[in-house]
Amino acid sequence: MQKRSIDIVTSTAVPLPIENVDTDQIIPARFLKGTTRDGFGKNLFRDWRYEHNNEAEPKPGFVLNNNIYGGSILVAGKNFGCGSSREHAAWALKDFGFDVVVSSFFADIFSNNALNNFLLPVKVSDEFLEQIFMAIEKDPDTLIKVDLPAQTISLSSTGAAEKFDINPYKKECLLNGYDDIDYLLTLRSSIEAFEKQLHP
């Protein structure tokens, strides 16, 4: 089962310094037939990862095929997740093993889909994003710490840090691993008490 709750994530990162990555590039339309969240990771960035759609022919130049990079954090260029509203893009990233995606701008629908699927989109300034890319280029083992309770992201190599914003409700859901139904169930006793007041 995929990890749902997110608190503090400290990990190396996979750099993808490409701007305007759309959801069709994240998960091509021909792989949208599945109705559960499982199994989409193998087709993440499918057309960028393989020659002729053949898993036996990985493209050596693509970052996911480079063993020096890894971790549960994807660092992407500006305007990540644009294009169609497919929720499968968040499913693919999460199923591949990412818990956090960092960029200087996210498409709104992608950001909401990510949060609903326990994938944390961390929006940073253009300047801080460049610092992250530079740190990873210098040392692929650079650790990035994403502290959701404090809403900070920091680089272990330089100590540089920046705050990020998140909807308070979605923050609580991520910290506790709640989807919307789980959250409502935590309010059950309060709802029942209110009902009794209305209908004693």
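Rules of the game
Residues numbered from 1 in each chain as written. Predicted model: local features only at pLDDT ≥ 70, side-chain atom pairs only at ≥ 80, totals over all residues. Heavy atoms only, no water. Phe/Tyr/Trp six-rings, centres within 6.5 Å; stacked < 30°, edge-to-face > 60°. Buried < 20%, exposed > 50% of the residue type's maximum accessible area, 1.4 Å probe, protein only. Helix = DSSP H or I, 4+ residues; strand = E, 2+ residues; numbered from the N terminus. Axes fitted to C-alpha atoms, helices over the stretch in contact; angles between N-to-C directions. Parallel < 35°, antiparallel > 145°, perpendicular 65-115°, else oblique. Left-handed = near helix turned anticlockwise from the far one by under 90°. Contact = heavy atoms within 4.5 Å. Nonpolar A, V, L, I, M, F, W, Y, C, P; charged D, E, K, R; others polar. Polar contact = N/O pair within 3.5 Å; in protein donor to acceptor, adjacent residues only side chain to side chain.

Visitor: Please provide a residue-by-residue account of the packing of aromatic side chains, values included.
Guide: Per the stated rule, a full pass over the model turns up 8 aromatic pairs. Aromatic pair Phe106 and Phe110: ring centres 6.1 Å apart, planes at 20 degrees, arrangement stacked. Given the relative accessible area of 6%, Phe106 is considered buried. By the ring-pair criterion, three or more aromatic residues cluster together here, those being Phe45, Trp48 and Phe62.

Visitor: An account of unusual backbone geometry is requested, with residue identities and associated values reported.
Guide: With the exception of glycine, the majority of residues adopt a negative phi angle, and the majority of peptide bonds are in the trans configuration. Residue Phe45 is not a glycine yet carries a positive backbone phi of 50 degrees. Its place among the elements puts Phe45 in the loop between helix H1 (23-26) and helix H2 (46-49). Residue Phe45 is classed as buried on the basis of its relative accessible area of 1%.

Visitor: Explain the packing of helix H3 (residues 88-96) against helix H4 (residues 108-116) to me, using residue names and the numbers behind them.
Guide: To characterise two packed helices, one gives the angle between the axes of the helices and the distance between these axes. Following both chains from N to C, one finds H3 and H4 inclined at 50 degrees, their axes separated by 8 Å at the closest point. Comparing the axis directions of H3 and H4 gives the class oblique. Like other packed secondary-structure pairs, H3 and H4 cross with a definite hand, here right-handed. Residues Ala89, Ala90 and Leu93 of H3 form the contact with H4, whose participating residues are Phe110, Asn113 and Ala114. Its residues assigned to classes, the contact of H3 with H4 comprises 5 nonpolar, 1 polar and no charged.

Visitor: I'd love a proper account of H4, names of residues and values included.
Guide: Residues of H4 that are buried: Phe110, Ser111, Asn113, Ala114 and Leu115. Those residues of H4 that are buried are in contact with H1, H3, strand E5 (120-123) and helix H6 (168-176). One or two positions beyond H4, positive phi appears at Phe118, with a value near 60 degrees.

Visitor: Can you lay out the side chain of Arg86 for me, pointing to particular residues and giving the numbers?
Guide: Along the polypeptide, Arg86 turns up in the loop between strand E3 (73-76) and H3. Polar contacts involving the side chain of Arg86 include one to the main-chain carbonyl oxygen of Ile27, which spans 2.8 Å. If near-sequence neighbours (up to four positions away) are discounted, Arg86 is found in contact with Thr23, Asp24, Ile27, Pro28, Ala29, Leu32 and Asn113.

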